[in-house]
Amino acid sequence: MKICIISYDFWDYDKYIVQTLCKRGIEAHHIKISSVTHSNFNERAVNALSKTFLNKNLKKEKRQRYVLESLEKLGHQDQILVLNPDTFDIATLEKIRKYTDRLITYLYDNLERVPVEGRLHFFDKIFSFDISDVEKHSFEKITNYIYLPYLPKEKQNPQMDLFYITSYDNRRVSLIKQLAKKLINIGMKFQIMVIGKKSWKHQLRNLFIKVPENLFLIFSIKKIPHDDLPKYYKNSKVLLDLMREGQYGLSFRIFEAMSLEKKIITDNEAIRSYDFYNPNNILILNENISNLDKTFFETPYQTVPKEIYYRYTLDCWVNKVFELDHNN
């Protein structure tokens, strides 16, 4: 069987899908769109002018050509999974469709944030992690997945009380400031990293602000390599997970926490409806974060039952998405 994954993959999650398929003896390939960038300064400048005066994104066109050229080399695929089809125009999706018997997509952004309704008719199956979209459009519900190997809490020695890494988002940054004050007041040691182009403003501001010793709040333009993240997770008792505005699905942070037996603090009320939800392990913040206190950090993590844990593994995920049985 031949399966191809096409995705932007900014945070390097999708490579694990390919690795899992390859372990099953499936010929799997990943066309990573984000690997296509401007070759030099001149190309970047020309694209900026093109977007401004012609409303034409040359980098986007270059990426779409790269996908089609890659498929031409790979040949016909039994299945192609496109993660978030907003990257492609209609003409490119029509061509991608010709390379496979089964074209599927996974929407890990909701339609409110990334409206792609005009492209969905190309797909044989549409998966979504967003509960509201699933209910409204009859998509197939699926969560993100556990990609890290299971590591019990007994084999870790965390030095931090809380860790959080996130892309820059105005809503999140506003909430992070409130949380930082509360965490300092209850004597917690934490590290928060905010990554994104807009972070330079905060980097500059931090040069002129005296930062308390137990406050580790980092704004950075540079992305942290994905392979480095587990060491930060392992060094903390609790992971923080804050939603983007309009988000209802579960982020990867929830499943990273599960694999490393870490507690979670989140503002996502939807997590209450999942079978792994345990108020001992998961604190859902109220509106004014008044329910955040020291006792949550002090009680031990309670292990998720094996049968529930398996439902969220990548092994189970590929079975469902690609309609595989356990023998594949």
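Please refer to the structure placed before this passage.
Description of the structure in this document. Since the structure is predicted, the reported quantities are computational estimates derived from the model, not experimental observations. (Residues numbered from 1 in each chain as written. Predicted model: local features only at pLDDT ≥ 70, side-chain atom pairs only at ≥ 80, totals over all residues. Heavy atoms only, no water.)

With respect to the overall build of the protein
Logical step 1: When its secondary structure is counted, the protein shows 12 helices and 12 strands.
Logical step 2: The 328 residues of the protein split such that 53% are buried.
Logical step 3: Counting contacts in the protein only where the partners sit at least 6 residues apart, residues at least 24 apart contribute 68% of the total.
Logical step 4: Put simply, the protein shows about 16600 Å² of open surface, and 52% of that area lies on carbon and sulfur atoms. (Helix = DSSP H or I, 4+ residues; strand = E, 2+ residues; numbered from the N terminus. Buried < 20%, exposed > 50% of the residue type's maximum accessible area, 1.4 Å probe, protein only. Contact = heavy atoms within 4.5 Å. Areas by Shrake-Rupley, 256 points an atom, 1.4 Å probe, with all protein chains shown as cover.)

A short note on helix H1 (residues 15-23)
Logical step 1: The set of residues buried in H1 consists of Tyr16, Ile17, Val18, Thr20 and Leu21.
Logical step 2: Those residues of H1 that are buried are in contact with strand E1 (2-7), strand E2 (27-32) and helix H12 (314-321).
Logical step 3: Just downstream of H1, Gly25 is the residue with a positive phi angle, here 85°.

Quick notes on the packing of H1 against H12
Logical step 1: The contact between H1 and H12 brings their axes to 10 Å, and the two run at 85°. One element, H1, and the other, H12, form an angle in the roughly perpendicular class. Between H1 and H12, the contacting residues are Tyr16, Ile17, Thr20 and Leu21 on the first element and Leu314, Asp315, Trp317 and Val318 on the second.
Logical step 2: Its residues assigned to classes, the contact of H1 with H12 shows six nonpolar, one polar and one charged. (Axes fitted to C-alpha atoms, helices over the stretch in contact; angles between N-to-C directions. Parallel < 35°, antiparallel > 145°, perpendicular 65-115°, else oblique. Nonpolar A, V, L, I, M, F, W, Y, C, P; charged D, E, K, R; others polar.)

Section: the side chain of Ser128
Logical step 1: Residue placement: Ser128 occurs in strand E5 (residues 125-128).
Logical step 2: The exposure class of Ser128 is buried, given its relative accessible area of 0%.
Logical step 3: Residue contacts for Ser128: discarding those within four places in its chain leaves Tyr106, Leu107, Asp133, Val134, Phe139, Glu140, Lys141 and Ile142.

Focus: unusual backbone geometry
Across residues other than glycine, the phi torsion is negative in most instances, and most of the peptide bonds are trans.
Logical step 1: Positive phi outside glycine occurs at Ser138, with the angle close to 60°.
Logical step 2: Mapped onto the fold, Ser138 is located in the loop between helix H5 (131-137) and strand E6 (140-141).
Logical step 3: Its identity as a non-glycine residue notwithstanding, Glu261 has a phi of 50°, on the positive side.
Logical step 4: By secondary structure assignment, the location of Glu261 is in the loop between helix H9 (252-259) and strand E11 (263-266).
Logical step 5: Glu261 sits in the buried class, given a relative accessible area of 5%.

Some points on the pattern of salt bridges
Logical step 1: All told, the structure shown has 13 salt bridges when counted by the stated rule.
Logical step 2: For the salt bridge of Arg97 with Asp124, the shortest nitrogen-to-oxygen distance reads 3.0 Å. Here the residue Arg97 occupies a position in helix H4 (residues 90-97), and Asp124 occupies one in the loop between strand E4 (100-107) and E5, the gap between them amounting to 27 residues.
Logical step 3: In this structure Arg97 comes out as partly exposed when scored by relative accessible area, which is 22%.
Logical step 4: Here Glu140 makes a salt bridge to Lys125, at a shortest N to O gap of 3.4 Å. Placement of Glu140 in strand E6 and of Lys125 in strand E5 is noted, with a sequence separation of 15 residues between them.
Logical step 5: Taking the relative accessible area as the measure of exposure, Glu140 reaches 30% and is therefore partly exposed. (Salt bridge = Lys/Arg side-chain N within 4 Å of Asp/Glu carboxyl O.)

As for the nonpolar core
Logical step 1: Grouped together as the largest cluster of nonpolar side chains are 53 residues, with contacts concentrated most on Ile5, Ile17, Leu21, Leu81, Phe276, Trp317 and Phe322.
Logical step 2: Looking at which element gives the most residues to this core, the answer is H9, with five residues.
Logical step 3: The residues contacting Leu81, other than those within four sequence positions of it, are Cys4, Ile5, Ile6, Ile104, Thr105, Tyr106, Trp317, Val321 and Phe322. (Core = buried A, V, L, I, M, F, W, Y, C linked by side-chain atoms within 4.5 Å.)

Quick notes on the sheet that holds E5
Logical step 1: Pairing in this open sheet of six strands is parallel, and the strands run E2-E1-E3-E4-E5-E6 from one edge to the other. Lying at the two open borders of the sheet, with one neighbouring strand each, are E2 and E6.
Logical step 2: One ladder, built from two bridges, connects E5 with E6; its direction is parallel. Bridging from a neighbouring strand, Ser128 pairs with Lys141 of E6.
Logical step 3: Along the sheet face, H1 touches E1 and E2 and points at about 170° away from the line of E2. (Pairing = 2+ DSSP bridges.)

Keep in mind these numbers describe shape, not what the thing actually does.
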